[in-house]
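Chain by chain, the residues:
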Amino acid sequence: MTQHTIAGTVLTMPVKIRKAHQHMAMFSVDADAAQQLIDYSGLRVCRFLPGRAIAVLMLMRYEDGDLGQYYEYGTNVMVNPPGSDATGPRALQSAGAFIHHLPVDQAFTLEAGTKIWGYPKVMSEFTIRDGHTYSFDVTIDGQFAVGMDFRPGLPVPGKFTAKPQAHPTYSCRDGVVRRTVGEMKLSDVRYRPGGARVRLGEHPYAKELASLGFPKRALFSGSAGNVEMSFADAEELRS
C-alpha cells in the first residue's frame, strides 16, 4: 500500500471517489487525425472501423472523494494496449482511454493528478448551466476552449450498470507513458443516440478538437447521477 504526499496531505492508494456526477459523449473521428494528435505517446489508436477511431468527451463533477470537490473535463481517444494492432469493433473490448486533455478547477487535484498518474491536468474555469439541457463551458488562461450541451437521455435499468467495471487509462507526461487501472461503478444512468452538441473556442485545445472534425454529431451520449471510482498507482510503461 503506497502513499503520496500532496500539498501536505497524505493520500493512501488506491484513491477513492465516493460520489461524482458524469456527462459523456462518444464520437466517431478520423483515425489518422486522431493518431496524429496522440503520436507523441507512441500508442496506436483503436481503429474500430476502417479509417475510424473513437473519441470520448466527458465532464465530471467530483463531490465526495479523496481529492476533494472539483470539476474536470476530458478529451479521451481510445487506444490499443501497447504492442497491439487489433482492429474492428471487438478491439474496443481491450482498448483503453488515452487522456489528451484534462482541465480541472482546483489546485489540489491538479498536483495529485500530474504527480501520481502523469495526467495532463491544467488549471481552468468552468461555467455550468443545469436546466432541461445540461451545458458547460471550459475556459483556460482567459480563453474559451470547449463547451458542450447535453439533452436528457432515457433511463437504463440498474441491473445493466450496477456491476463494477475496470478500465485502463493511459497518459504521457514528460515523455513517460503510464497506464492506470481504475474501477468504476455507475448508477442513475441515462443514454440516448446523439444528444450532445460541442462548441469550440479559440484556445489551442479547440484547434486540436477541430482537427478531429469537431463540432460533429455524437454516436451517443449519456449521464450518470452517481459514479463511484477507485484509482491505483500508475504503471510506467516506457520513457
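Quick caveat: nothing in here was measured; it's all calculated off a predicted structure.

Basis of the calculations
- Residues numbered from 1 in each chain as written.
- Predicted model: local features only at pLDDT ≥ 70, side-chain atom pairs only at ≥ 80, totals over all residues.
- Heavy atoms only, no water.
- Phe/Tyr/Trp six-rings, centres within 6.5 Å; stacked < 30°, edge-to-face > 60°.
- Helix = DSSP H or I, 4+ residues; strand = E, 2+ residues; numbered from the N terminus.
- Buried < 20%, exposed > 50% of the residue type's maximum accessible area, 1.4 Å probe, protein only.
- Pairing = 2+ DSSP bridges.
- Axes fitted to C-alpha atoms, helices over the stretch in contact; angles between N-to-C directions.
- Contact = heavy atoms within 4.5 Å.

*Asks:* In this structure, what is going on with the packing of aromatic side chains? I would like to understand it.
*Replies:* What describes a pair of aromatic rings is the distance from one ring centre to the other and the angle between the planes of the rings. Tallied over the full model, the rule gives 9 aromatic pairs. Measuring from centroid to centroid gives 4.8 Å for Phe-27 and Phe-214, while their planes differ by 80 degrees, and the two rings are edge-to-face. Residue Phe-27 is found in strand β3 (residues 15-30), and its partner Phe-214 is found in the loop between α3 (204-211) and β15 (220-231); the two are separated by 187 residues along the sequence. Neither Phe-27 nor Phe-214 differs from the other in exposure class; each is buried. Geometrically, the ring pair formed by Phe-136 and Phe-150 is stacked, given 6.5 Å between the ring centres and 25 degrees between the ring planes. Residue Phe-136 is located in strand β9 (residues 134-140), and its partner Phe-150 is located in strand β10 (residues 143-150); the two are separated by 14 residues in the primary sequence. What makes Phe-150 buried here is its relative accessible area of 3%. Joined through ring pairs, the aromatic side chains of Tyr-73, Phe-136 and Phe-150 make up one cluster.

*Asks:* Please clarify how unusual backbone geometry should be interpreted in this entry.
*Replies:* Where the residue is not glycine, phi is negative for most of them; where a peptide bond is considered, it is trans in most cases. Across the junction of Met-13 and Pro-14, the peptide omega takes the value 0 degrees, indicating a cis bond. Of note, the amide linkage connecting Phe-214 to Pro-215 takes the cis form, showing an omega dihedral of 0 degrees. Examined against the element boundaries, Pro-215 turns out to sit in the loop between α3 and β15. The backbone of Asp-174 sits at a positive phi, close to 55 degrees, despite the residue not being glycine. A positive phi angle, close to 50 degrees, is found at Asp-188, a residue other than glycine. Within the fold, Asp-188 resides in strand β13 (residues 176-193).

*Asks:* Help me understand the sheet that holds β10, please; the structure alone is not making it clear to me.
*Replies:* Sheet strands associate in pairs through backbone hydrogen bonding, adopting either a parallel or an antiparallel arrangement. Pairing is antiparallel across the open sheet formed by 4 strands, whose spatial order is β8-β9-β10-β14. Sheet topology places β8 (125-130) and β14 (196-200) at the edges, where each strand pairs with a single neighbour. Going from strand to strand, the sheet's axes swing by 10 degrees on average, the running direction of each strand aside. Bridge count for β8 against β9 is 6 bridges, and the pairing is antiparallel. Directly across from Thr-127, in β9, lies its bridge partner Asp-137. The sheet contacts of α3 involve β9, β10 and β14, and relative to β10 the element is tilted by about 50 degrees.

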